[in-house]
Amino acid sequence: MAALTLRALEGRLLAMVHNKVDAVTARMFIDNQYRTVFNSWGWSFAKVDDDFNTFVELSGGTVTLTNGANTIAGSGTAFTSNYNGGYMRVDSNRYEVSSFTNTTTGTFTGTYAGTTGGSKTYTLYQSKFELATSAWNIITIAGDQGRELTEVTPGYLNRVDERRASSGTPLFFAYGGIGSGGGRVIELWPAPATAGHYNYVAMKHGALTLTTSTGTVEEMLTGVILKSAAQQAAMYIATMEAEAAQAWIALAQMWKEEWQAELLELQMLDLSSFGAP
């Protein structure tokens with residue numbers, strides 16, 4: 001693999017137009033045309049295809065909690081780190097869990113506001129999941145049964161279930177900030193009540209840097225970007241050099257025909273290899 005940034009294409013474009021534009025202008029054409037080409041198709045190389053697991057609700061045993069404190073002391077519980085960052089419902093209220101150090105001991109991110117006491121029943125669940133660091137905008141997310149979840153806003157979830165009292169089979173997801181590992185966090189609602197497996201496809205974060213290997217669609221796409229940027233540069237030069245304007249317009253038309261044909265070919269290749277965008 002070789003990293004090929006848009007800046008690395010600058011010299012190639014300058015050579016194609018015989019240095020008739022400066023580096024800043026060349027860079028502008030490359031940046032603009034990359035976005036045009038990139039947004040013209042759901043390119044497979046710009047996608048992340050990954051999975052995560054959900055966890056069963058826990059309610060075994062009881063907990064002892066102290067008003068104004070953040071400690072969780074369990075008896076007969078089976079806490080695990082899978083529920084770090086999750087929620088505990090107790091006394092009809094919801095508390096965010098910071099972490100569990102073992103099967104019976106943990107802490108809240110805030111403090112317990114209820115009445116001090118032991119032998120309290122609880123429900124522990126995890127509804128937030130961190131995606132791969134390269135994933136950004138989700139295209140699809142579906143569970144074991146193939147049912148796709150619908151994106152909503154955090155504000156919507158707050159309106160319909162502010163205390164997050166609902167659990168069951170998730171139907172919706174909302175974005176929820178950046179996780180400790182640097183990946184984007186999503187919240188599922190209703191909160192998963194059972195263990196499950198979810199697959200998601202997302203557009204990559206920071207996809208405006210090409211990482212190419214010989215013979216790939218992504219590598220071949222650089223030729224399309226160059227020619228489409230050269231077309232724009234040639235038209236620009238034609239407005240600056242009246243005597244040679246027709247020659248530059250002819251070059252622009254040639255490059256336009258070439259990059260449009262190549263783009264269609266690459267879209268069909270991407271489609272045949274990876275399916276519809």
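Starting from 1, residues in each chain are numbered consecutively following that chain's sequence as written. This being a predicted model, a pLDDT of at least 70 is required before a residue's local features are given, and a value of 80 or more before pairs of side-chain atoms are given or counted; all residues contribute to the totals for chains, interfaces and linings. With hydrogens and water stripped out, all remaining heavy atoms of the structure feed into the side-chain values.

A.B. asks: Hey, could you run me through the sheet that holds strand β10 (residues 128-130) in this one?
C.D. replies: Through backbone hydrogen bonds, the strands of a sheet pair up, either in parallel or in antiparallel fashion. When DSSP locates at least two bridges between a pair of strands, those strands are taken to pair. A run of H or I in DSSP becomes a helix once it reaches four residues, and a run of E becomes a strand once it reaches two; helices and strands are each numbered from the N terminus. Here four strands make up an open sheet; going across it, the order is β10-β15-β14-β12 and the pairing mixed. Here the strands that pair on one side only, and so sit at the sheet edges, are β10 and β12 (150-151). As judged from the three bridges shared by β10 and strand β15 (residues 184-189), these two strands associate in the antiparallel manner. In the sheet register, Lys128 faces β15, and the bridge partner there is Glu187.

A.B. asks: What is the right way to read helix α2 (residues 23-38) from this model?
C.D. replies: In an α-helix, one turn spans 3.6 residues, which is why side chains three or four residues apart end up on the same side. Multiplying 1.5 Å by the residue count of a helix minus one yields the expected span of that helix. Under the 1.5 Å per step criterion, the end-to-end length of α2 is 22 Å for 16 residues, consistent within 8% with the ideal 22 Å. Taken as a whole, α2 has its buried residues at Thr25, Ala26, Phe29, Ile30, Asp31, Gln33, Tyr34, Val37 and Phe38. With a side-chain oxygen lying 3.3 Å from the backbone nitrogen of Val24, the N-terminal cap of α2 falls on Asp22. Between buried and exposed lies partly exposed: a residue is buried under 20% and exposed over 50% of the maximum accessible area for its type, with that area taken using a 1.4 Å probe on protein chains only. The definition of a polar contact used here is a pair of N or O atoms within 3.5 Å, where within protein one atom must be able to donate a hydrogen and the other to accept one, and adjacent residues in sequence count solely through side-chain atom pairs.

A.B. asks: Where do I start with a nonpolar patch on the surface in this structure?
C.D. replies: Candidates for patches are residues over 30% relative accessible area with no salt bridge; among them, like charges are joined within 9 Å and nonpolar side chains (Val, Leu, Ile, Met, Phe, Trp, Tyr) within 5 Å. Here, Shrake-Rupley sampling with a 1.4 Å probe gives the accessible areas, and only protein chains in the shown set may cover a residue. Each salt bridge in this description consists of a side-chain nitrogen of Lys or Arg and a carboxyl oxygen of Asp or Glu lying within 4 Å of one another. Side chains of Leu264, Met268 and Leu271 sit close together on the surface and give an oily, nonpolar patch of about 250 Å² of accessible area. One can find Met268 in helix α5 (residues 245-274).

A.B. asks: How should unusual backbone geometry be read in this particular structure?
C.D. replies: When glycine is set aside, most residues are seen to have a negative phi, and most peptide bonds are trans. Backbone torsion omega between Trp189 and Pro190 reads -10°, so that peptide bond is classified as cis. As for its placement among the helices and strands, Pro190 is situated in the loop between β15 and β16 (191-192). Within the chain, His18 stands out as a residue other than glycine whose phi angle is a positive 55°. Following the sequence through the fold, His18 ends up in the loop between α1 (10-16) and α2. For Asn19, which is not glycine, the phi torsion reads 55° and is therefore positive. Looking at where Asn19 falls in the secondary structure, it is placed in the loop between α1 and α2.

Purely geometric stuff here, so don't read any function into it on its own.
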